[in-house]
Amino acid sequence: MALTHLVESPALSPLLSYVSRPRSAPAVERVALIEDLGALGRVSEHAIVLVTRAASAEVSSYQFDIALRVARSRSVAALVLSAADVGRVTPTTIAIADRSGTAILGTGRDVDLAQLAIAIGRELAGGADVALLRVHTVLRAIEAHPADGTMESLLRRAGAALGVALTLVEVEPRAGPRAAVEVEGHVEGWLTAPEQDGDLAMALDVALHAAATGVADVLARAQRAEELPIQSREEVLTELLSAPPRDQPPLIVRARKLGLPIDGWHVAVRLEFEDLADAPAGEEVRAHQTRLRLARAALHAVRGTSGTWHSARAGLEPMLFCMYPDDPGIAATGEVAQVMDRALGRVRAQLPTTLIRCGVGSPHPGPAGLLSSAAEARAAVTAARTSGRVDTVAFDSVGLRRTLVEWYASDVAQEAVSTVLAPLAQLGGARAERLIQTLHVYLDQQGSLTRTAETLNLHRNAVAYRIKQIFSVLDVDRDNPDDLLLLQLACRARELA
């Protein structure tokens, strides 16, 4: 065993300290106790030698310097002096010890050398009793860790109790001792440690899993503490995105009270997780939780970049907002798109089979600008889905006319949706969605039953029957171009809402 590991072991670290520490860590194979410095010549190699008070009386004399040279010839790892004699070690003695590679250690006060010899022998033997003692010490150290303590302090405590350094890494090591750190069913990292032999290897396995549970508790508490303000801000932004104009003023006041820079400039980001959009029956909750976890991972990944970042939801889909106190300029859209590309690279690694689309709006000021940028982000995602793109799409690059998208997000457009399409929406459920979608495609295809049937993969007669149903419900003139244009704009505004 290396001298450093021996001295730093939980059982011995309170009893021993360095007076002179060699540059390298000599090996220790056995323990010896001598009452006469002359006995050093008969000590076995690679021993740690305990010097009694009678022998250490010569510590400040030339005889002790000679003894160090003899110790070097016998490859003695360390000489241990009693606490009372440590202060008498001269600078010359320390210099000789440095050159010889033999450490000089001192005991704590009231340490019995016989008991110390037994403790050192037990550590060197590394038996089951030592392993059990270390595991017990680790568990007590984790149990005594304060509730507000950090993950780093817990690992230091557990590692010190075990006598083995514990390290948290992000990626599972290919080999060696390790234990997963799971928070709410998701692996946040892996605890690792250098390999050990014999009974200590089993002790390390127990200690790693206990420490991993402790680290998971620390991370969970930290996440909950961080989530509280995030959730409050997320809730008010989510409500603001879906609220009618008359309900927006109190939400804006709430946003200001929560510290959201709602009056600054905003760039909206919309995320769509295609494989989670239509979860099978019974899997809706799991899909929703996965969406939230991935969105939170994206939020953490973009923190520290320009602006301040906040999250929200638009229906089932997550949204992020990059907020600035002043106008960030037209380049902000591209800059946010680049940030999201890097962030989503990390998010995709967590769920590689899920197709993620991302749309980025352009910067707009104030609460109304937040809604406008959100509408643009939705338009960018829609364009990405339509074109089959899976990268981050910026609104300025999708070829949409800004004035149209701004109108789609306006109060007038939302009023059109709620009034013009109301008779169809009141049918409820899948039937309402089916008829509104058919109307949307029919109007986009300039009233062509054939092209509508091809787009929806339906028979032409089925489309004709649906169109007849639709116009029998709607309070519009099918032959009036203005009515048809209003219907088409309402369908598009509804899709972006």
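Located above this text is the structure these notes cover.
A few points on the structure.

Rules of the game
- Residues numbered from 1 in each chain as written.
- Predicted model: local features only at pLDDT ≥ 70, side-chain atom pairs only at ≥ 80, totals over all residues.
- Heavy atoms only, no water.
- Helix = DSSP H or I, 4+ residues; strand = E, 2+ residues; numbered from the N terminus.
- Expected span 1.5 Å × (residues − 1).
- Buried < 20%, exposed > 50% of the residue type's maximum accessible area, 1.4 Å probe, protein only.
- Arc of directions from axis to C-beta.
- Pairing = 2+ DSSP bridges.
- Axes fitted to C-alpha atoms, helices over the stretch in contact; angles between N-to-C directions.
- Core = buried A, V, L, I, M, F, W, Y, C linked by side-chain atoms within 4.5 Å.
- Contact = heavy atoms within 4.5 Å.

## Concerning helix H20 (residues 460-473)
Compared with an ideal rise of 1.5 Å per residue, which puts 14 residues at 20 Å, H20 spans 20 Å between its outermost C-alpha atoms and is within 8% of the ideal. Of the positions making up H20, those classed as buried are Val 463, Arg 466, Ile 467, Ile 470 and Phe 471. Buried residues of H20, seen end-on, are gathered within an arc of 125° and therefore sit on one face of the element. Seen from the open side of H20, the exposed residues pointing more than 90 degrees away from its buried face are Asn 461, Tyr 465, Lys 468 and Ser 472.

## Regarding the sheet that holds strand S7 (residues 178-183)
Strand order in the open sheet made by the three strands is S6-S8-S7, with antiparallel pairing throughout. On the outer flanks of this sheet lie strand S6 (167-169) and S7, each paired with one strand and no other. Strand after strand, the sheet turns through a mean of 35° between neighbouring axes, direction not considered. Two elements, S6 and strand S8 (residues 186-192), share three bridges in a ladder whose sense is antiparallel. By the bridge assignment for S8, Leu 168 is matched with Leu 191.

## Structural notes on helix H18 (residues 429-444)
With 16 residues, H18 should cover 22 Å at 1.5 Å per step; its first-to-last C-alpha distance of 23 Å lies within 8% of that length. Residues Ala 432, Leu 435, Ile 436, Thr 438, Leu 439, His 440, Val 441, Tyr 442 and Leu 443 constitute the buried set of H18. With its phi angle positive at about 55°, Gln 446 sits one or two positions after the end of H18.

## Examining the sheet that holds strand S1 (residues 16-20)
In space, the five strands of this open sheet follow the order S1-S5-S4-S3-S2, with mixed pairing throughout. Both outer strands of the open sheet, S1 and strand S2 (30-34), are each paired with one neighbouring strand and no more. Within this sheet the neighbouring strands show an average axis-to-axis angle of 30°, counted without direction. Across five bridges, S2 lies against strand S3 (residues 47-51) in parallel orientation.

## So, the nonpolar core
Core analysis: the biggest nonpolar cluster contains 26 residues, and Leu 166 and Leu 191 have the highest contact counts within it. Only helix H7 (128-143), helix H8 (151-162), S7 and helix H9 (198-242) provide two or more residues apiece to this core. The leading source of residues in this core is H9, at ten residues. Not counting the four nearest positions on each side in its chain, Leu 166 is found in contact with Leu 155, Ala 158, Gly 159, Thr 192, Ala 193, Leu 204, Leu 208 and Ala 211.

## Quick look at the pairing of strand S4 (residues 78-81)
Burial along S4 is two-sided: Ala 78 and Val 80 and Leu 79 and Leu 81, pointing in opposite directions, are all buried. Note that S4 and strand S5 (residues 103-107) share four bridges and pair parallel. Note that in S5 the partner of Leu 79 across the bridge is Ile 104.

Coordinates in, geometry out; function isn't part of it.
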